[in-house]
Amino acid sequence: MSQEYDITLKISRYDPDTGRSWIQDYHLKAGRILRFVDLFRQINDEQDPTLAWSSSCEHAQCGTCGMKINGKPLLACELLVKNAVELFETHTFRVEPLTIAPVIRDLVVDLEKAYDRIHLVKPYLIAPAPPHPDGDEYRISPRVLKTYEEATRCINCFCCSTACVTTQRNYLGPNAMLANIVRIMDPRETAEKERLDVLHGENGTPRCRTARACSFVCPKEIDIAHFIALAKEGAFRRSL
Amino acid sequence: MRSIKLASELKIDSVLKPEVLVIGAGGAGLRCAAEICERRPGTSIIAVTKVHSPQKSHTSTAQGGMAAVDPKDPIDRIVYHMFDTWKGSDCSADQNIIKAVCESAWEQIVWLERHGMHFSRTEEGRIAKRPFGGHMLNFGQVKAFRSCYEADRTGKGIMDTVWGESLKHGVVFLNQSVATELLFRNGRCVGAVVLMEQNGKFVAILAKATVMATGGKTRMYQVSTNCRQNTGDGLCLILQAGLPVMDLEAVQFHPTGIVGPGILASEALRGEGGILRNKDEEPFMERYAPTAKDLAPRDVVSRCIMTEIREGRGCVHPDHKLPHVWLDLRHLPEYIHKTRILEVCGFFRKFVGVEPRHELCPVTPTAHYQMGGAPTNEFGEVQKDARQIVPGLYACGEFAAATLHGHNRLGTNSLLELITMGKVVGERVTAYIEHAENPGDIPKDAGSRIFSRFSGYLEANGQEHYAKIRDALRVLMMDKVGVFRNEKGLTEAIEELKMLKDRARRLELSSRSLVMNQDLIQFWELDHLLDISMVIAQSALARKESRGAHYREDYPERSPEFHYHTLAYMTDCGNITLDKRDIDMSIFEAKGEHYEKFGIIERKY
């Protein structure tokens, strides 16, 4: 049961103090159900305290530890060693930072820069509808909520933006698109025109090539491409 | 670039002057910021967070819900919620806070909803409500439908909403930055020195008002639900400034953490019929609590699990090498697995490779929540002793102890505290900055304390190893300052903590860079973990009774002699001074309707 694997991690390193980049190999023995974040900690503890990486909740709820492993963007906290061995059919893993923002050190990217695109779509109600006459909460039917509820689960890990095949650098990216679409579908938002202008603006829907890579990699299994497809057709409320 | 050779090169690179500084940009800090912006548009606010973006805060991981009595509810009443909270606290919450929080609860739920939170809904389109442990109708008789929720991600819903509102109002964020020293002038707090990790620069932030909301701190325990950053940095800033912390002995252990990572496996699993079993697969809760069995209160179940483990009826996980018992979900019908516990069961599949429909799930008590924190009055003003406040310094959320929870917290009352007390503090700060003087120039000695500490880390050249000290600490706290405590264990723990602190002075830093230097930050955090552990152990040793989550095997009953809050001061690790603060009994003393329910009551479920 407590099988161990001999694992090799080939990790992208970057030292901002010298500007040097390189790939460093680490060999380690790892239990089958260790997560990749545990492996990085093991490297820090036993081999190299200078390796920098990011995480926070470490159970796939916050989206801090996104990175590319053998080319696939994913959350390092939910990839177990045995699953990685099965998925990639190897004991050697190439570990790289996400490509959506500049690297600060090693696997740590400047998420603040990545978040700039989320800020562009205003992730809040721009102009909330007037309150319910009773003075309490708005009434939203569970059937209406269901049409966009899945999209509210996005944690902005930026795995989708990394996987996206669009080459234009100014594309808002799937998660920022989603943040906008959610609020077009939310009956409490009245700033529909402003939102649609951003949605269909030059950095919005025209940039999406419908390759569905976003849906394929999303750690929360959100069908992002479905929502972008609704947006392209303007079919936000058709299913009602 | 930013790699330094000499510690004497440490300096303050720049000075920022917002009107308000918020340290900790989670649910409480940003609810506070949003309130200030709504009341006084244009107020300049800087919010500092240790994580990459406010959305990554620990608040985002909360699942359950927020308790609030809907005024349209025909049977529930606010006084029932107040009673449940008082009873749950084992008679050590402050009644002025219970009243303020419970009375404003619904209003704050509506605030969140109007600002875009995606609450789950009833058929009529209203906010849905569900029952939760310890929340009852009619003074403890039947379960109440009082918890407002967003599926199993209520914390994320709150976080997204208050973060969005803060962005909308132009709050400036310093992400991936840590507050390292509070600044004072003539006893008034005037801001803090902050290290920005991404560029390695120290910046002094001078503000009229400083709000601390840095959350919890249970990373000193081997198994913990807290995120990687919860290392007690905020509480240490308070201690280093010569201010007290309150009730730190009150640490909540959730009975069912998933072995290894310590991820929470919600009470809902037992609510749906899950059964705890020992290594012989015996359903042991029947022996300890014949009536409530697996649904006894959190502190009780945690103690039963630890007893099984200590008496040799636990298992040891082959991969994580941790002791545990089993949670059996195999007998639950397929539809329950598919509809009601899908997400949580997913954690077992994902993180321990177990299929709960066919296999037993390994669980163990996990350090979950701090009931104590920085003592404040009912307006969130931080106190320097039982009577006086520190002008300009405020606290809210899990970080603060006002206190709503006393020595044991009810589920769904924590998120409620964030939004209600965050709002109260926002109101208070708005009024204060209207008339407060500007903080003036940077105090002459600003940074001197933190630079002296960082010099120590940068110049240390010992043989000790960070990870070994961290691991020893986490095992020690779990064993001797955990679910069960006694005089012998606590005394030993205090001695061992002194030794660990001594060893922590003999580390060697791997790199002298100030930019994103994980090693340097971890040394700084380790000092905090050790200092706060020392306060927990000393406070637990002094409280010779059992109350809520604080359980002393040598004093298993609650004692009237200890009917007070513990205040602890500690400027050097180990050199602790203890004091007391009265428990507010204002509901009882007002002699209004049902006042007798708010006396010193028995805590039986």
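Everything quoted here is computed from the prediction, not taken from an experiment.

What counts and what doesn't
Residues numbered from 1 in each chain as written. Chains lettered and ligands numbered in written order. Predicted model: local features only at pLDDT ≥ 70, side-chain atom pairs only at ≥ 80, totals over all residues. Helix = DSSP H or I, 4+ residues; strand = E, 2+ residues; numbered from the N terminus. Rg over C-alpha atoms; globule rule 2.2 N^0.38 Å. Buried ≥ 20, exposed ≤ 12 C-beta atoms within 10 Å, placed from the backbone. Contact = placed C-beta atoms within 7 Å. Domains from an automatic or database assignment. Core = buried A, V, L, I, M, F, W, Y, C linked by C-beta atoms within 7 Å. Nonpolar A, V, L, I, M, F, W, Y, C, P; charged D, E, K, R; others polar. Axes fitted to C-alpha atoms, helices over the stretch in contact; angles between N-to-C directions. Parallel < 35°, antiparallel > 145°, perpendicular 65-115°, else oblique. Pairing = 2+ DSSP bridges.

1. Remarks on the overall build of chain B
Piece 1. A count of helical and extended segments in chain B gives 16 helices and 25 strands.
Piece 2. For chain B, whose C-alpha radius of gyration is 23 Å, the value lies close to the compact-globule estimate of 25 Å for 605 residues.
Piece 3. Projected onto its principal axes, the C-alpha coordinates of chain B cover approximately 65 × 55 × 50 Å.
Piece 4. In chain B, which comprises 605 residues, the proportion classed as buried is 60%.
Piece 5. Look at the contacts in chain B between residues 6 or more apart in sequence, and 76% of them connect residues 24 or more apart.

2. Notes on the environment of A191 of chain A
Residues and elements named next belong to chain A.
Piece 1. Within the secondary structure, A191 sits in the loop between α6 (174-185) and α7 (192-200).
Piece 2. C-beta crowding within 10 Å serves as the criterion here: with 15 such atoms nearby, A191 is assigned to the partly exposed category.
Piece 3. Through-space distance from the C-alpha of A191 to that of A129 is 9.1 Å; in sequence the pair is 62 residues apart.
Piece 4. Once residues lying within four places of it in the same chain are set aside, the contact partners of A191 are I126 and A127.

3. Some thoughts on the domain arrangement of chain A
Residues and elements named next belong to chain A.
Piece 1. Domain annotation of chain A identifies domain 1 (4-109) and domain 2 (111-233).
Piece 2. Taking only C-alpha atoms into account, the centre of domain 1 sits 29 Å from that of domain 2.
Piece 3. Each partner contributes residues to the interface: domain 1 has 17 residues there, and domain 2 has 13 residues.
Piece 4. Looking at the side of domain 1 that touches domain 2, the element that brings in the most residues is strand β4 (residues 72-75), giving four residues.

4. Here we look at the nonpolar core
Residue and element names in this part refer to chain B.
Piece 1. Ranked by internal contacts, the top residues of the largest apolar core, which has 257 residues, are V22 and V211.
Piece 2. By residue number, the principal contributor to this core is helix α15 (residues 518-542), which donates 12 residues.
Piece 3. Look past the residues within four positions of V211 in its chain and what remains in contact with it is V20, V22, I23, G29, C32, Y394, C396, V425 and V429.

5. So, the interface of chain A and chain B
Piece 1. Facing 51 residues of chain A, the contacting portion of chain B comprises 49 residues.
Piece 2. Where the side of chain A that touches chain B is concerned, the elements lending two or more residues are β6 (103-105), α3 (111-120) and α4 (142-149) of chain A.
Piece 3. Element by element, the count of residues in the side of chain A that touches chain B is highest for α3 of chain A, at four residues.
Piece 4. Its residues assigned to classes, the side of chain A that touches chain B comprises 21 nonpolar, 14 polar and 16 charged.

6. Focus on the environment of F40 of chain A
Residue and element names in this part refer to chain A.
Piece 1. Here F40 lies in helix α1 (residues 36-46).
Piece 2. Through-space distance from the C-alpha of F40 to that of A211 is 32 Å; in sequence the pair is 171 residues apart.
Piece 3. Residues in contact with F40, not counting those within four places in the same chain, are L51 and W53.

7. Here we look at the domain arrangement of chain B
All names here are of chain B.
Piece 1. By the assigned domains, chain B splits into domain 1 (253-367) and domain 2 (448-578).
Piece 2. One C-alpha centre belongs to domain 1, the other to domain 2, and the line joining them spans 29 Å.
Piece 3. Considering each element in turn, the side of domain 1 that touches domain 2 owes the most residues, four residues, to helix α8 (residues 298-310).
Piece 4. When the residues that make up the side of domain 1 that touches domain 2 are grouped by side-chain class, the tally is three nonpolar, one polar and two charged.

8. Describing the packing of helix α5 (residues 233-240) of chain B against α15 of chain B
All names here are of chain B.
Piece 1. Here α5 crosses α15 at 70°, and the two axes come no closer than 9 Å. The angle between the axes of α5 and α15 places the two elements in the roughly perpendicular class. On α15, the residues that touch D233, L235, C236 and L239 of α5 are E525, H528, D531 and I532.
Piece 2. Of the residues belonging to the contact of α5 with α15, the class tally is four nonpolar, one polar and three charged.

9. Considerations on the packing of helix α13 (residues 466-480) of chain B against helix α14 (residues 487-504) of chain B
How two helices pack is summed up by the angle between their axes together with the distance between the axes.
Residues and elements named next belong to chain B.
Piece 1. Contact pair α13 / α14: the axes reach a minimum separation of 10 Å and the direction vectors enclose 170°. The angle between the axes of α13 and α14 places the two elements in the roughly antiparallel class. Contact residues: α13 offers I469, A472, L473, L476 and K480, while α14 offers G489, L490, E492, A493, E496, L500, R503 and A504.
Piece 2. Residues that form the contact of α13 with α14 fall into these classes: eight nonpolar, one polar and four charged.

10. Here's the deal with the pairing of strand β2 (residues 20-23) of chain B
Residue and element names in this part refer to chain B.
Piece 1. Covered by surrounding structure in β2 are V20 and V22 together with L21 and I23, the residues of both alternating faces.
Piece 2. Alignment of β2 against strand β3 (residues 45-48), held across four bridges, turns out to be parallel. Along β3, the bridge assignment pairs V22 with A47.
Piece 3. By the bridge criterion, four bridges tie β2 to strand β13 (residues 209-212) in an arrangement that is parallel. Each bridged residue has a counterpart across the sheet, and for V22 the counterpart in β13 is V211.

11. Observations concerning the sheet that holds strand β5 (residues 129-130) of chain B
Residue and element names in this part refer to chain B.
Piece 1. Within the open sheet, the three strands sit side by side as β4-β8-β5. Their pairing is antiparallel. Single-partner strands in this sheet number two, and they are β4 (66-67) and β5.
Piece 2. Sheet analysis places β4 next to strand β8 (residues 147-148), joined by two bridges and oriented antiparallel. Note that in β8 the partner of A67 across the bridge is S147.

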